[in-house]
Amino acid sequence: MVAVSVCQPAWALSSKEELAACKALLKSGLRPVAEERSERFQGKPGDDALLCRGGEQAMVGKDFPWVDWSNYWATADTSSKQDGREARTFIGEHLKPNGRGIDGALIDLEYQRIELIKFNLFDNATYRDYLIQDASGEGVVRRQWDAMRLPASDPNYQSVGGDGSQQCSGELIRGRTLSGICNDLWNPKMGATGMPFARNVQFESTFPDAYLTELTRNRHSDAENGQRIGLLKPDPQLISRTLFSRDQSQPELCNQGQGLASDPSAAHCDYQKAPFFNVLAAFWIQFMTHDWFSHMSEGRNAAETMAVGCDSDEAVAAGCRPGDVAEKSLVAEEGMPPQYHTKGETYWTRAPKTTANTVTAWWDASQIYGYDLASEQRVIRDPGDPAKLAQPEGYLPLLEACRECPSQPQWQGQESAAFPDNWSIGMSFYHNVFVREHNQFVDAFRARQRQTPDRDSGLRNPSKPNAVISYAAASDQEIYQAARLVVSAMIAKIHTIEWTPQLLYGEPLQRAMNANWDGLFDHQENRVSKVLNRILDREQNFLSRATATVAGWLGQHGQTDKANSWYSVLASGAGIFGLGNRQETGWLWWRRDAWDIANPEHVNGGVNHFGSPFNFPEEFPTVYRLHPLVPDLIEFREVGAPNTIAQKIPVIDTFRGKASAAMRELKIENWALSMGRQRLGLLHLNNHPMFLQNLPMPHLQSETGKLDIVALDIIRDRERGVPKFNEFRRQIGLRTLTSFDDFINLTLPEDSAERAQQEGVVAKLRVIYGTHLCDQSKVISVVQNDGNGKPINDCFGQPDGTRVDNIEDVDTVVGWLAEYTRPHGFAISETQFHIFILNASRRLFSDRFFTSSFRPEFYSQLGYDWVMNNGLLEDCPYPLEGDSQCLEPELSNGHKVTVSPLKRLLLRNLPELSEELMPVVNAFDPWARDRGEYYSLEWKPIAGAESDPAFN
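Values in this document were obtained by computation on a predicted structure and should not be read as measured data. (Residues numbered from 1 in each chain as written. Predicted model: local features only at pLDDT ≥ 70, side-chain atom pairs only at ≥ 80, totals over all residues. Heavy atoms only, no water.)

**Examining the pattern of salt bridges**
Scanning all chains against the criterion turns up 53 salt bridges. E507 is paired through a salt bridge with R511; the nearest N and O atoms lie 2.7 Å apart. You can see E507 and its partner R511 sitting in helix α16 (residues 507–517), 4 residues apart, about one turn around the helix. Each member of the pair E507 and R511 is classed as buried. For R677, the salt bridge identified is with E916, shortest N-O distance 2.8 Å. Of this pair, R677 sits in helix α24 (residues 668–677) while E916 sits in helix α32 (residues 914–917); the two residues are 239 residues apart in sequence, bridging distant segments of the chain. We classify R677 as buried; its relative accessible area is 7%. Residues joined by salt bridges that share partners form a network here, namely E635, R637, R677, E916 and D948. (Salt bridge = Lys/Arg side-chain N within 4 Å of Asp/Glu carboxyl O. Helix = DSSP H or I, 4+ residues; strand = E, 2+ residues; numbered from the N terminus. Buried < 20%, exposed > 50% of the residue type's maximum accessible area, 1.4 Å probe, protein only.)

Here's what the structure looks like:
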């Protein structure tokens, strides 16, 4: 029996039906990319693909509105894997069921990314040109836009060419600029501070409560109820108190999230916990969003205030406050957009309102280094070393110590930071840690100045491209800018290959996110490519370099949307990071790099905007409304006694100025330990922090002095024209829901407590959003057809006059929180994830400092190696493998893995945590959790943590 098992062929583990399905799938060839929105993939590959990739278990959800890949083999935990020996060859791995499942999931995900790139890029200034030129194929690969020129009012206007052809050069391209200009040499204004948010949905689908189109009128009104939606309809505070509030078993111990001042250790607030994600991860995403986008100017919105709901007895009884007010959103441009005609259709040139992104859109650590003149004043340099950032006694200076720093009353007592708004203990932690990292890099550079002063630093000045800059010759500002590039890249790397794979905890996304960074072939390197690697003397494996070369050619020369599709696929093989940062020529192309900093085509050649200038879309902040991640109380621990919860500190007591005081008093290493060990909250309904519903906002001068931030999330989406949940899904290529009951996870046993809880949520949705008598004559969407190939109508396949749920009215944030059917290990919903699929890739594809300008000429050789190796190799906490790889000593989910970038960063900046961090594989997984076997979600302690009360 053993001998048979060892020699068992790949196909022996599959049934005849599954093999027949695989054969039919292979015979049918690759699925064509949709030509029309109504023909999109929807994550539904068909019966043959389901049987081949997941057997009968994958067929269970084929009629559900959710994507199918999550039911394939090996896409969940050990229970999802087909029994049998692992494959012994590269080919065998992909032929066996588990390999087919993973490959199928990656194929499905890539199809959806391709369609999102094709159908969901809407720039308010350039989409008209994109659409009109689309017929010739030019628009979808356009690389330069007049709308991205610097205006005459910009101080760098003449430097980039004035009213002639504009191109960035010289000092403007050496590093990341304050306002974000000149990341793209030929589109200076792209991604810069103040540029309007784009959209990921058709302009005509935005601002549904304005009822500007027949489709929106059909979707959101009926004869019985009239117009069903508005800025405050349904009541956002009623939604907050009914659908978002955390239920408390002992409300007196939670005290609405305020804890117990008299006995902090006895406080208790219930929340639904995610076993595989920690509180460090919750604050990490706040730290990221402060870098990516903001709608406010210096912590304020528009001067005019508005009511925020609570205008019914029902709402007041639920606990809301009629006297709350909020500032209205800032608006960049508004008014009915001009229309134009092409391809027999009428289109809007932009959304009816636009808003400006008041920070840079680049992944440039602007929350630390600044994004305009005001924020730059809060970035304080070290008086003893101008290349460093000030951090007296290991902590950032307070705003009060900087008399010239622009400030707001609500920031009193806070540390001085470029982006100081919504300051929390998590923001204080990450700002302090990454300023320490900046200074660590500067120290390492200074050491080389002392030890090897004449050695080439790798840095180059584009104005003097042939002049070597030695370590000794590097100026303070050159070192500072190199440090900023390194910190920015480390943040992007941590987010891409550490935070996101833990957020989406399973094999498909582990591979996909590493493919975004390193490339699928580098991540899954086999014996053959390792041999080729040695022969060719290359950092990347052979397949990775080949796909990078082809992807680079398509990026520069592709002429159709098919070129964009193939570029996306091939970039997954090579990895986006570093695309185009080599120009290999000649017969020995792998040994000769002709890349030249004096050649703009080389400096800028690795970027690809897919025909649409890069900025984040208005829908992006919507899917990052992640407040349920934050608990009401932090279980505070101390390094000397990690298994003891010393006290429970209300998060509200660590906001704004209180955060900076708490950081200093209780020490950064203890806060790291506390947030690293504690589980964060699940992203579901009835799981928002109670303190956010009662947040003090004295600067608004309202009669209550408070604001329900949870209700404000809903209002902001409505103000900014985000489509409602169902149309939002259709717009991004996901299947429509037909009733509130579709939210229930039908794979759960009918008598389970979890299913009963979900049915209770559905009952609340029906009360708040209501029902109506449907009208079959009303078409509600043209971007997706029903099962009969016809546009979806108001009855969703039911007879005319049937009473149906007002599923079309559900606010987007409510809808995705109600998605209980999710892939294994997904902390977010599939709707959120699809906005993420598109934008997570674009922010790398479009940034030359992550592609063709990721080189020593900009980063320095020290900086380039620092990013590649997660710090200095000699500081690896374990013996190096092959003298060049810093790896964890044990396999993780079946893989050899690099010691993670955040773990390395914490070890060198918080050495007090060394003992606690050594068993940690991913710094965003609760530190004392035993990760178990293949993507286990079990909550059990590692050895030595059995007495931790969190596991009792």
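Once the structure has been displayed, the description carries forward.
**Let's talk about helix α14 (residues 425–451)**
Over its 27 residues, α14 runs 39 Å from end to end, which matches the ideal 39 Å to within 8%, given 1.5 Å per residue. Burial of α14 is extensive: 22 of the 27 residues sit out of reach of the surface. (Expected span 1.5 Å × (residues − 1).)

**A word on the pairing of strand β8 (residues 345–348)**
Direction of pairing for strand β7 (residues 339–342) relative to β8: antiparallel, over a ladder of 4 bridges. Of the residues in β8, the one forming a bridge with Q339 is W348. Here β7 folds back onto β8 in antiparallel fashion, the turn holding 2 residues, of which K343 has a positive phi close to 55°. (Pairing = 2+ DSSP bridges.)

**Focus: the environment of A827**
Along the chain, the position of A827 falls in the loop between α28 (812–817) and α29 (830–845). Expressed as a C-alpha distance, the spacing of A827 and Q583, which sit 244 residues apart in the sequence, is 40 Å. Discounting residues that sit within four places of it in the chain, A827 has contacts with F276, F277, L503, L683 and R822. (Contact = heavy atoms within 4.5 Å.)

**Some points on empty space enclosed by the protein**
According to the stated counting rule, one finds 10 cavities of 30 Å³ or more in the structure shown. Of the pockets and cavities examined, the largest cavity occupies roughly 1,000 Å³. The wall of the largest cavity is formed by 40 residues, among which M296, N422, H627, I709 and D713 lie closest to the centre. Of all the secondary-structure elements, those providing two or more residues to the lining of the largest cavity are α10 (279–292), β5 (325–327) and α25 (709–719). Among the elements that take part in the lining of the largest cavity, α10 stands out by supplying 6 residues, more than any other. Class assignment of the residues belonging to the lining of the largest cavity gives a composition of 21 nonpolar, 12 polar and 7 charged. (1 Å grid on protein atoms, 1.4 Å probe; cavity = no way out; pocket = protein on both sides within 12 Å on 5 of 7 lines; lining within 4 Å. Points joined across faces, edges and corners; volume = space filled by probe spheres on them. Nonpolar A, V, L, I, M, F, W, Y, C, P; charged D, E, K, R; others polar.)

**Brief notes about the state of the cysteines**
Tallied over the entire structure, the rule returns 7 disulfides. Put simply, C254 and C269 are joined by a disulfide, and their sulfur atoms are 2.1 Å apart. Residues C254 and C269 share a disulfide whose torsion about the S-S bond is about 95°; that sign makes it right-handed. Linking C254 in helix α9 (residues 251–254) with C269 in the loop between α9 and β3 (273–278), this pair joins segments that are 15 residues apart in sequence. C774 shares a disulfide with C795; S-S distance 2.0 Å. Residues C774 and C795 share a disulfide whose torsion about the S-S bond is about 95°; that sign makes it right-handed. On the criterion of sequence distance, the pair formed by C774 in the loop between β17 (771–773) and β18 (779–785) and C795 in the loop between β19 (791–793) and β20 (803–805) is long-range, its members being 21 residues apart. Using a relative accessible area of 0% as the deciding quantity, one classes C795 as buried. (Disulfide = S-S within 2.5 Å.)

**A closer look at the confidence of the model for the chain**
With 90% of its residues at a pLDDT of at least 70, the chain reaches an overall mean of 91. Across residues 1–8 the pLDDT falls below 50, and counting only partners more than four positions away or on other chains, this stretch makes 5 contacts in the model. Low pLDDT (under 50) marks residues 520–551, which in the prediction has 60 contacts with non-local residues, meaning those over four places away or in another chain. (pLDDT = per-residue confidence, 0-100.)

**Quick notes on helix α30 (residues 856–869)**
For α30, spanning 14 residues, the distance from its first C-alpha to its last is only 14 Å, which falls clearly below the expected 20 Å at 1.5 Å a residue. Burial within α30 is extensive, with 10 of its 14 residues counted as buried. Taken together, the buried positions of α30 are P856, E857, F858, Y859, S860, L862, G863, Y864, W866 and V867. If you follow the buried residues of α30, they end up packed against α14, α15 (476–503), α21 (600–604) and α31 (901–909). Of the residues trailing α30, N870 is marked for its positive phi of about 65°.

**Quick notes on the packing of aromatic side chains**
Applying the stated rule across the entire model yields 45 aromatic pairs. Ring centres of F849 and F858 lie 5.9 Å apart, and the angle between their planes is 85°; this geometry places the pair in the edge-to-face category. Taking relative accessible area as the criterion, F858 reaches 3% and is therefore assigned buried. Three or more aromatic residues joined by ring pairs make a cluster, and in this case those are W292, F293, W362, W363, F614, F616, F620, Y624 and F850. Cation over ring: K273 sits above Y271, and NZ or CZ is 4.6 Å from the ring centre. (Phe/Tyr/Trp six-rings, centres within 6.5 Å; stacked < 30°, edge-to-face > 60°. Lys NZ or Arg CZ within 6 Å of the ring centre and 35° of its normal.)

**Remarks on the pairing of strand β11 (residues 385–389)**
Burial of β11 is extensive: 4 of the 5 residues sit out of reach of the surface. Sheet analysis places strand β10 (residues 381–382) next to β11, joined by 2 bridges and oriented antiparallel. Within β11, the residue paired with D382 across the bridge is D385. Remark: 2 residues form the turn of the hairpin made by β10 and β11, two consecutive strands paired antiparallel.

**Focus on the nonpolar core**
Counting 209 residues, the largest nonpolar core has F429, F434 and V814 as its most contacted members. The element that contributes the greatest number of residues to this core is α15, accounting for 15 residues. Residues contacting V814, with those up to four places away along its chain left out, are I239, L243, F244, L685, I714, L765 and Y769. Ranked by size, the runner-up nonpolar core spans 10 residues in total, among them F122, Y130, F207 and W348. (Core = buried A, V, L, I, M, F, W, Y, C linked by side-chain atoms within 4.5 Å.)

**A short note on unusual backbone geometry**
For residues besides glycine, phi is generally negative; the peptide bonds are generally trans as well. At the junction of K233 and P234, the peptide bond is cis and its omega measures out at -10° in the coordinates. Mapped onto the elements of the fold, P234 is located in the loop between β2 (226–227) and α8 (236–244). Non-glycine residue N422 carries a positive phi angle of around 50°. A relative accessible area of 44% means that N422 is categorised as partly exposed.

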